[in-house]
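Chains, contacts and geometry: an overview
Each chain is listed here by its residues.
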Amino acid sequence: MTDLRALLTAGSPAIHVEIAAIRGSSPREAGAFMLVTADSFAGSIGGGQLEYAALDRARRMLRDGLPAETMDVPLGPEIGQCCGGHVTLALTALDAPRAAALLARLDAEDEARPHVLILGAGHVGRALAAALALLPVRPVLIDQRAAELARAPAGVEIRLSALPEADVSAAPPGSAFVVMTHDHALDFLVTDVALARGDAAYVGLIGSASKRARFRAWRTRGGVSRSDALAGLTCPIGGPSGDKRPAVIAAMTAAEIVSAMTGPTTTASLAPATSRITAKAPR
């Protein structure tokens, strides 16, 4: 499988396969699409027999030089899928205007992806950036240390910043923030700025139940009422597993972030998070 942008800009003959309509249950939503060439494809309309049938039809169109076709597919036992719905696929030969429109659509989707600022490029920060890079968000790995940023996974957006709290203040509305810097005092400062915004989708602070208590005391001394000191904060991050391996913490935290960003509530309206584990996570 290849990248959508690579196929759209390659200029090779291709078929644009898009879910035009659905009735009942289906593996993907209307508008989901894939591109098919004679020897490759990119994107997905849901996998399984539906996708295999679409690949076969698209490649027959390429061989026969057909400009457009429609497939009406019941998702039942006859094709080995049990979604129970019905899907209409539009298959269209890719020309320059269609390719440009699809590229613009991808650009708009990328622009609309919510930002996740990862403050701290240590072991967990780098693992979290790698995990989030596979998801429909825009992770940005931020650190004051160029050497740590240089170890970031390939393709991850990095930012060398002398004042990470300023990056938090300037982030778009609805962003998520995960704080795991090399310094506890900086952790507290950056977390406080993130919480004070009031519009964050998620604010997570790495550490233990004791660090959570220390942060609460620090914020209360700074003038925040005790009842509101931890409102909207997830600390510790990564759920109840207690596993200290960076990749595991990253996977669990990525799930928390995506759940917070796609759920019916936002961080500003969430009840205070409760402590989940007592072991301190590695940085």
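Anyway, here's the lowdown on the structure attached to this text. (Residues numbered from 1 in each chain as written. Predicted model: local features only at pLDDT ≥ 70, side-chain atom pairs only at ≥ 80, totals over all residues. Heavy atoms only, no water.)

A word on the sheet that holds strand β8 (residues 157-160)
Taken together, six strands build an open sheet; the order of strands is β8-β7-β6-β9-β10-β11 and the sheet is parallel. Of all strands in the sheet, those bounded by a partner on one side alone are β8 and β11 (233-234). By the bridge criterion, five bridges tie strand β6 (residues 115-119) to strand β7 (residues 138-143) in an arrangement that is parallel. Across the sheet, residue Ile 118 finds its bridge partner in β7, namely Leu 141. (Pairing = 2+ DSSP bridges. Helix = DSSP H or I, 4+ residues; strand = E, 2+ residues; numbered from the N terminus.)

Some remarks on the pattern of salt bridges
A full pass over the atoms with the stated rule returns 17 salt bridges. The residue Asp 107 makes a salt bridge to Arg 5 at a minimum N-O spacing of 2.9 Å. Here Asp 107, found in helix α3 (residues 96-112), pairs with Arg 5, found in helix α1 (residues 4-10); they are 102 residues apart in sequence, far enough to count as distant. Of the residues examined, Arg 5 reaches a relative accessible area of 28% and is grouped as partly exposed. (Salt bridge = Lys/Arg side-chain N within 4 Å of Asp/Glu carboxyl O. Buried < 20%, exposed > 50% of the residue type's maximum accessible area, 1.4 Å probe, protein only.)

Observations concerning the environment of Arg 59
Residue placement: Arg 59 occurs in helix α2 (residues 48-64). Sequence separation between Arg 59 and Ile 15 is 44 residues; the distance between their C-alpha atoms is 7.9 Å. Non-local contacts of Arg 59, meaning those with residues more than four positions away in its chain, are made with Val 36, Thr 37, Ala 38, Asp 39, Ser 40 and Phe 41. (Contact = heavy atoms within 4.5 Å.)

Observations concerning the pairing of strand β5 (residues 86-93)
By the criterion of burial, β5 is predominantly enclosed, with six of the eight residues buried. Inspection of the sheet shows strand β1 (residues 15-23) paired to β5 by eight bridges, in the antiparallel sense. What sits directly across from Ile 19, in β5, is Leu 89. When strand β4 (residues 68-74) meets β5, the two strands line up antiparallel, connected through seven bridges. From the neighbouring strand, Ala 68 faces β5, where its bridge partner is Thr 92.

A word on the packing of helix α4 (residues 123-132) against helix α9 (residues 246-262)
The N-to-C vectors of α4 and α9 enclose an angle of 50°; their axes lie 8 Å apart at closest approach. In terms of axis orientation, α4 runs oblique to α9. Two packed elements cross with a definite hand, and for α4 against α9 that hand is right-handed. Across the interface between the two elements, His 123, Val 124, Ala 127, Leu 128, Ala 131 and Leu 132 of α4 pack against Pro 246, Ala 247, Ile 249, Ala 250, Thr 253, Ala 254 and Ile 257 of α9. When its residues are assigned to classes, the contact of α4 with α9 shows eleven nonpolar, two polar and no charged. (Axes fitted to C-alpha atoms, helices over the stretch in contact; angles between N-to-C directions. Parallel < 35°, antiparallel > 145°, perpendicular 65-115°, else oblique. Left-handed = near helix turned anticlockwise from the far one by under 90°. Nonpolar A, V, L, I, M, F, W, Y, C, P; charged D, E, K, R; others polar.)

Details of unusual backbone geometry
For the peptide bond that leads from Cys 235 to Pro 236, omega is 0°, which places it in the cis range. Structurally, Pro 236 is set in the loop between β11 and α9.

Quick word on the packing of aromatic side chains
Evaluated as defined, the whole model comprises three aromatic pairs. The interplanar angle of 50° and the centroid separation of 5.7 Å between the aromatic rings of Phe 188 and Trp 218 together place this pair among those described as tilted. Note that Phe 188 is positioned in helix α7 (residues 184-197) and Trp 218 in helix α8 (residues 209-221), a separation of 30 residues in sequence. Phe 188 sits in the buried class, given a relative accessible area of 9%. In textbook terms, an aromatic cluster arises when at least three aromatic residues are bridged by ring pairs, as seen for Phe 188, Phe 215 and Trp 218. (Phe/Tyr/Trp six-rings, centres within 6.5 Å; stacked < 30°, edge-to-face > 60°.)

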